[in-house]
Amino acid sequence: MQLEMEPFGEFAGRHIGPAPADIEEMLRAVGAASMSELVEQTVPEMIRLGRDLELPEAVSERRLLDRAAELARFNQLYRCYLGLGYHGTLTPGVILRNILENPGWYTQYTPYQAEISQGRLEALLNFQTMVIDLTGLPIANASLLDEGTAAAEAMLMLWGSKGSADRNIFLVSEACHPQTVAVVRGRARPLGIDVRLFRHGDIAQPSPAAAFGALLQYPTTEGAVVDYRGLCTALHEQGAGVVVAVDLLALALLVPPGEFGADIAVGNSQRFGVPMGYGGPHAAYLAATDAFKRKLPGRIIGVSIDADGNPALRMALQTREQHIRREKATSNICTAQVLLAIMAGMYAVYHGPAGIRAIASRVRKLTWALAGGIERLGHIIVHEEFFDTLQVIPSGYTSAEILSRARERGINLRDFEDGTVGISLDETVRGEDLDDLLAVFRGEDGPELTAEGVAADAPEPAYPANLARASGYLEHPVFNRYHSETEMLRYIHRLETRDLSLNTSMIPLGSCTMKLNATSEMIPVTWPEFGSLHPFAPLDQAEGYRRLFDELEGWLCEMSGLPACSLQPNSGAQGEYTGLLVIAARHEDQGDGHRDVCLIPSSAHGTNPASAVMAGMKVVVVKCDENGNIDVEDLRAKAAQHADRLAATMITYPSTHGVFESAIREVTDIVHEHGGLVYLDGANLNAQVGLCRPGDYGADVIHINLHKTFAIPHGGGGPGMGPICVTDELAPYLPGHPLVDVGGEVAIPPVSAAPWGSASILLISWAYIAMLGRDGVRAATEAAVLNANYMATRLSKHFDVLYRGDNGRVAHEFILDMRPLRRGTGITDEDVAKRLMDYGFHAPTMSFPVAGTIMIEPTESESKRELDRLVDALISIREEIRQIELGTFDKADNPLKNAPHTAAMVTADEWGHGYTRQEAAYPAPSTREWKFWPPVRRVNNAHGDRNLVCACPPIESYETVGA
């Protein structure tokens, strides 16, 4: 007898929402005899794969966790004192369990719908306030990807305000972290910015008169604490701006950059409770003077009011997406590291100002004690003032011998490669760790020292007045109220309940793929073997990660049809940018460096033209026809017109309109015939996996949104990952790194600070593919296509479905046209979006890619019951609109114009509306079973833009708003 212990489909059956009986019923509803027939009607025959993917068979969730544990054992956790902007940290358990491991936080979408995002918006406002307070600068954004790219964004801010063809030098201190220098250099090159290294005492060469800005590190990468006042003054006198990359924890003790002359401060908040994760994800930050408040990249959370005049938070309009400027953009940022920013902000809330100062003081005391002991052992400490990092000149031993002695004890020290050794301490260090470090530096006849004894003999002195912080920070009540775990737990939960996430209902966002993030995929991320590894640890200590990377890269290559992969880009837009840089490098290497024209369809994601501009390319827009497809003749004409300079085209497939365009091979052939290469935007890969492969129909490079197709959670607007797959011809140019051997033989500079980007969350996509396996990934794609066509079929009786393919099918998403309704009733797509909140749903994507429409993507993980619930809600809303058409509801006073309805509104003593409270609050039977109440009424965006406030306002202001 043969026992089937782990039947195929165990995970697939959990992940794919519709049950087999539901699938049969849905196929009948759409008029397809089988799933195969639906695929044949949807995906053009000429591009269909026609075979199984060469992927392993599915493993069960239990086997997956066993396999993850096996990989974890191959990672070795040495005690790590490498520094370089990454540090051990203690994540408070209440934050670990209730935010990082909580789907109520990690499955949230970007807060475009402010009324149902108030909890995370408040948490992000806390993060901004923390950064503003610690840096001493008046405005900050709601996080960036990492310190290196934040420094590059700051350079571009200064370039936009102070740079010119005659003033194109950006000075970078030699004391900056090497990965930051490399990322800044890489970002500068396509734009003609000349990055030059300089020493602090030698800014006369080159003359700052030719520089528009400078980047400093505080404390320096070697650990020195430097008074930058004179340097900032000298740079300002020459008209240059100053960016300072700053350690946030050090600012609890040191003069903040806003007080010594910095225009912009950047850095990483990782050591505020976020595990290293072999490089990420972590929330970087950018703070600036008030002059830059309309130029900050990324997102800013601001304070506004709702329809009743009560305080309400929102994303400030001018900073929501800089890429709406398209080819005029200076940044392509469309995401952030929201989940990690929330964690860092909550770390500050939990510890408060006294706790943060105590942590910083302890780190400095440990460092001071270690320095004293090392000096007593005869070695030289290079810098007189330091915070957590020491640079040591060994005596009696070479640096190589010291490093070897450390490794024998399971310790990683930094090799400065100049005969000196670096040691960086953090909050995880204990007294016995210092004793082991002292033993590393003790010679055969050296004295037996303990850190405790050294500290008793040499008490830590205060910083001199020119370096010591005198100003207060974290004085707002939110940082002084929730220090018991009971209060902190309730605060976190209270904010969670003010947000709609996937544990509430489906989030049907076109082009954003909000699918299930299965628990089994998430579990290994917080295991210490993956979470506590330093990104620059020796490769032999990260064998588990290497094996995981090899498997994931191989699977992504097979699914994309392209043979080489880089996992470094840590967002989708970063992947776009990287792909274009690789294309540009190939052209230059072939003697075609003059090729700089990028053809982009008018329907493209806004990040596409923004990325092209950042890569040094000139954007030429290609028309779309009345069906939303690329106008092939216009493409042909423009490819011919620019044949001598054509570098690339950027295509989204299926199209941004949710359609498999039958002319895709013709499009790629035209570009290739005229010397260009084809970049494919992978935002819609969820309709392709197992059905067709971009490499087979002409793509040369594709970025893959792992936070869409491959189940990394959106986390409220980040983290994400955007690896690229490329042809053999482009493989030699994949991005490298100055500290770790990655990339191609002639690699472009790094695009992220860490060699594998946000490495720890790659576990999630690896687990997703492993548990679905060869047949499961195709079944998931088929279910996504079926779900979209089922919804489109039901809704087409009530709304116009704007675009369809040749056989009347949509891909995995579709667009409903709301414009006819506006003409007759004044109801807009925004009104429909806000009314859906009363039904317990997040709105679909609004006004993209066509103004006045909504775009719906159900994903494969939603059940038929949930699909029907959303369809029924939209049909009910259509009937409400009909009541306006009939005159039953007033055009200005109706359930849509007044949506969303809060509990306070419907329970008020007075009700003066021409519809009932029940119609307002309980518009569908399911809302009586369970009701999600929007915490605020419709937010006043214009008020927030006119009165930009991006830090926690004083408590008194909450009492007077709307009075």
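You'll find the structure just up there.
Residues numbered from 1 in each chain as written. Predicted model: local features only at pLDDT ≥ 70, side-chain atom pairs only at ≥ 80, totals over all residues. Heavy atoms only, no water.

A. Region of interest: the environment of His-714. In this structure, His-714 sits in the loop between β21 (701-703) and β22 (724-726). Aside from chain neighbours lying at most four places away, what touches His-714 is Tyr-106, Gln-108, Tyr-109, Cys-512, Thr-513, Met-514, His-707, Lys-708 and Pro-719. A distance of 3.0 Å separates the side chain of His-714 from the backbone oxygen of Cys-512, its partner in a polar contact. (Helix = DSSP H or I, 4+ residues; strand = E, 2+ residues; numbered from the N terminus. Contact = heavy atoms within 4.5 Å. Polar contact = N/O pair within 3.5 Å; in protein donor to acceptor, adjacent residues only side chain to side chain.)

B. View of the packing of aromatic side chains. Tallied over the entire structure, the rule returns 23 aromatic pairs. Here Tyr-228 and Phe-260 contribute two aromatic rings whose centre-to-centre distance is 6.0 Å and whose plane-to-plane angle is 50°, an arrangement assigned as tilted. Taken together, the residues Tyr-228 in the loop between β5 (211-218) and α10 (229-237) and Phe-260 in helix α11 (residues 257-260) connect sequence positions 32 residues apart. Here the aromatic rings of Trp-911 and Tyr-915 are separated by 5.7 Å at their centres, their planes lie at 90°, and the arrangement is edge-to-face. Over the ring of Tyr-922 we find Lys-931, and its NZ or CZ is 6.0 Å from the ring centre. (Phe/Tyr/Trp six-rings, centres within 6.5 Å; stacked < 30°, edge-to-face > 60°. Lys NZ or Arg CZ within 6 Å of the ring centre and 35° of its normal.)

C. Local environment of the sheet that holds strand β23 (residues 800-801). With respect to topology, four strands assemble into an open sheet ordered β23-β24-β26-β25, the strand pairing being antiparallel. Among the strands making up the open sheet, the edge pair consists of β23 and β25 (845-846). Where strand β24 (residues 814-817) and strand β26 (residues 853-856) come together, four bridges link them in antiparallel fashion. Its bridge partner being in β26, Leu-816 is matched across the sheet by Ile-854. (Pairing = 2+ DSSP bridges.)

D. Quick look at the pattern of salt bridges. This structure, assessed with the given rule, holds 50 salt bridges. For Arg-67, the salt bridge is made with Glu-70, and the minimal N-O distance between the two is 3.6 Å. Separated by three residues within a single helix, Arg-67 and Glu-70 lie in helix α4 (residues 61-73), roughly one turn from each other. Of the residues examined, Glu-70 reaches a relative accessible area of 32% and is grouped as partly exposed. Close ionic contact of Glu-101 with Arg-97 constitutes a salt bridge, the shortest N to O distance being 3.4 Å. Exposure remark for Arg-97: the relative accessible area of 58% places this residue in the exposed category. It is possible to trace a salt-bridge network through shared partners that takes in Arg-79, Arg-409, Arg-430, Glu-432, Asp-433 and Asp-436. (Salt bridge = Lys/Arg side-chain N within 4 Å of Asp/Glu carboxyl O. Buried < 20%, exposed > 50% of the residue type's maximum accessible area, 1.4 Å probe, protein only.)

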